[in-house]
Amino acid sequence: MLRIHDTAARALRDFEPRIPGQVSMYVCGPTPYDVPHLGHGRTAVVFDVVRRYLAWRGDRVTFVSNVTDIEDRIIARAAERGTTESDLARHYEDVYWEQLDRLGVLRPDEMPHATEFVPQMQTLIAELIAAGRAYVIEGSGVYFQVETLPEYGRLSHRTFAQLVESAGARIEVDDEKRSPVDFALWKAAKPGEPSWESPWGPGRPGWHIECSAMSLDILGEEFDLHGGGDDLVFPHPENEIAQAEGAGHHFARYWLHSGMVMVSGEKMSKSLGNFTFLADAIDAHGPRAFRWLVVQHHYRNQLEINDDALRAAAAAIDGFDALARRARAAGITATPAGALSAEVGRFVAAMDDDFDTPNAVAVIAGWRRDANSALDAGRLDEAAALLATVLHALDALGIALDDGAGTADGRDEIDALVQRRTDARAAQDWAAADRVRDELSALGVVLEDTPTGTIWHRA
RNA sequence: GGCGGCGUAGCCGAGUGGCUCAGGCAAGGGCCUGCAAAGCCCCGUACGCGGGUUCGAUUCCCGCCGCCGCCUCCA
């Protein structure tokens, strides 16, 4: 039984989807006004692993993740650049997916854009007004009246009273709002801003309404999982709940939130200026190192990411690749289908415990060692089964191994050089053999002598 | 001020009232190897501090110290 830490319950809960065997999942996606940083990458990988694992264990998963393509920052950035909001958003959405593709993050089944769901948002806003939970301020917009919803704050565990008390310190007090805690559902258009017609005048949606409207429209009432970064818990998903439940809808059943990426002990954020571009980290250490680093840590904890950490993760991945290469050299062809079910059970037990990837990874590391031992001892069937188990489990984590078979570039030339060295070694001409190895090294090729011959891979 | 999380060996990081054990990376020793690479084996007696409960606490309780996040920009 899979157990999930639910933010609303602040506890582990048995996961029972709305429809057995089918999981509906919504994750708050990006506001594409700039290139993605490490934090975006981590969150995307975390929920990609959740999605993959659910599918891997046999559930049919419908994964929806939105793109907020109209929002204050997009408007501001577009104005700065002298371009349109839609061109800017589309550009950065492309950049975002370019990087996530490299990380092996699967595309959502549906990727709704806010600008495509304005009618659904307006319907929801109208429902909220009809329910007496929202009010119009002429020339300003439509606001959600938080006080009308006693359950408000059940996700982030704070009360209306607490919020009112701490308001003012950070919230710009707007005298027109009935309470500083009330938030915008619909913002009246300012000159030059993109806008849509509405019963409340031309304007655009508030930040939170899109996710309520789109998730309900696509996944339906009471969908299973809602995910996002934990800095969003308040206010965004809190307000999503308010908007949906305030209008009488049943909203998400389980709430998952992933921890922040840290830099030198501080949260990575644009305002601190301490962010690293995701693309740079992937360029420097490879996409699998990034993913490995993420799954080595529990998704709810903060995670420090720096070059040293990525280097260590890359070294671990290299070790797995080395196993795959050795196995191939020994004539083993392992596929996930050959996995040892009893061993897989240990992996499942870890993953079922709130996606405990650190323990899952430890289990896999044990198989790696055992597979290498089996290879050393010439127990090829055992090695094949263990490697198959490794591959099967890594599948769930979205990691593939490189056994070197696909390295086609310059292959013939390298093979010829390797053969020359093999001949020299056979003649015990070590100096000549080492010269060839130096040549290959200059080409970025690393040799490994195995009982069944010499294999090589790119450095 | 309110709410929450964390402090574990050189670094990262799971976990548990006692049992040999996480795991990764790095360092050291050994085996293998012409050398190298890869691999395997061995090695580390760690749990912020002070009390308490207990036969026994890193694990439970209380207090303290330190770090971090959220409290309407944020993944």
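Every chain is numbered on its own, with residues counted from 1 as its sequence reads. Each chain is given a letter, starting from A, and each ligand a number, starting from 1, according to the order in which they appear as written. Note on the predicted model: pLDDT of at least 70 is required for a residue's local features to be given, and 80 or more for side-chain atom pairs to be given and counted; whole-chain, interface and lining totals, by contrast, use all residues. The side-chain numbers reported here are obtained from all heavy atoms of the structure, hydrogens and water having been left aside.

A. Main features of helix α3 (residues 85-102). Compared with an ideal rise of 1.5 Å per residue, which puts 18 residues at 26 Å, α3 spans 26 Å between its outermost C-alpha atoms and is within 8% of the ideal. Relative accessibility decides the category of a residue: with a 1.4 Å probe and only protein chains considered, values under 20% of the type maximum give buried, values over 50% give exposed, and everything between is partly exposed. Each helix is a run of H or I in the DSSP string that is no shorter than four residues. Each strand is a run of E no shorter than two, and both are numbered from the N terminus. Every buried residue of α3 is listed here: Glu85, Leu88, Ala89, Tyr92, Glu93, Val95, Tyr96, Trp97, Gln99 and Leu100. Contacts: residue pairs with any heavy atoms within 4.5 Å of one another. Looking at the buried side of α3, the elements it contacts are α1 (38-56), α2 (72-81) and α8 (278-285). The first or second residue beyond α3 is Gly104, which carries a positive phi of 80°. Each residue after the first adds 1.5 Å to the expected span of a helix.

B. Region of interest: the domain arrangement of chain A. Where each domain begins and ends is defined by an automated method or by a domain database. Looking at the assigned domains, one finds that chain A contains domain 1 (3-258), domain 2 (278-397) and domain 3 (411-458). Put simply, the middle of domain 1 and the middle of domain 2, counted by C-alpha atoms, are 34 Å apart. With 27 residues of domain 1 at the contact, the number on the domain 2 side is 31 residues. When two parts are brought into contact, each loses some accessible area as probed by a 1.4 Å sphere; the total of that loss over both is the buried area. For the pairing of domain 1 and domain 2, the buried interface totals around 2600 Å² over both sides, and the portion due to carbon and sulfur atoms is 64%. In terms of surface lost to domain 2, no three residues of domain 1 exceed Arg42, Tyr53 and Trp56, which account for 29% of the buried area on that side. Salt bridge criterion: a side-chain nitrogen from Lys or Arg within 4 Å of a carboxyl oxygen from Asp or Glu. Where domain 1 meets domain 2, there are three salt bridges. For the purposes of these results, a polar contact is taken to be a pair of N or O atoms within 3.5 Å, where, inside protein, one atom must be able to donate a hydrogen and its partner to accept one; residues adjacent in sequence count only when each atom of the pair is a side-chain atom. Where domain 1 meets domain 2, there are twelve residue pairs in polar contact (both at pLDDT 80 or more).

C. Geometry of helix α10 (residues 307-329). An ideal rise of 1.5 Å per residue puts 33 Å on 23 residues; α10 measures up with 32 Å between its terminal C-alpha atoms. You can read the cap of α10 off the contacts: a side-chain oxygen lies 3.2 Å from the backbone nitrogen of Asp308, and it is on Asn306. Positive phi appears at Gly331, one or two residues downstream of α10, with a value of about 85°.

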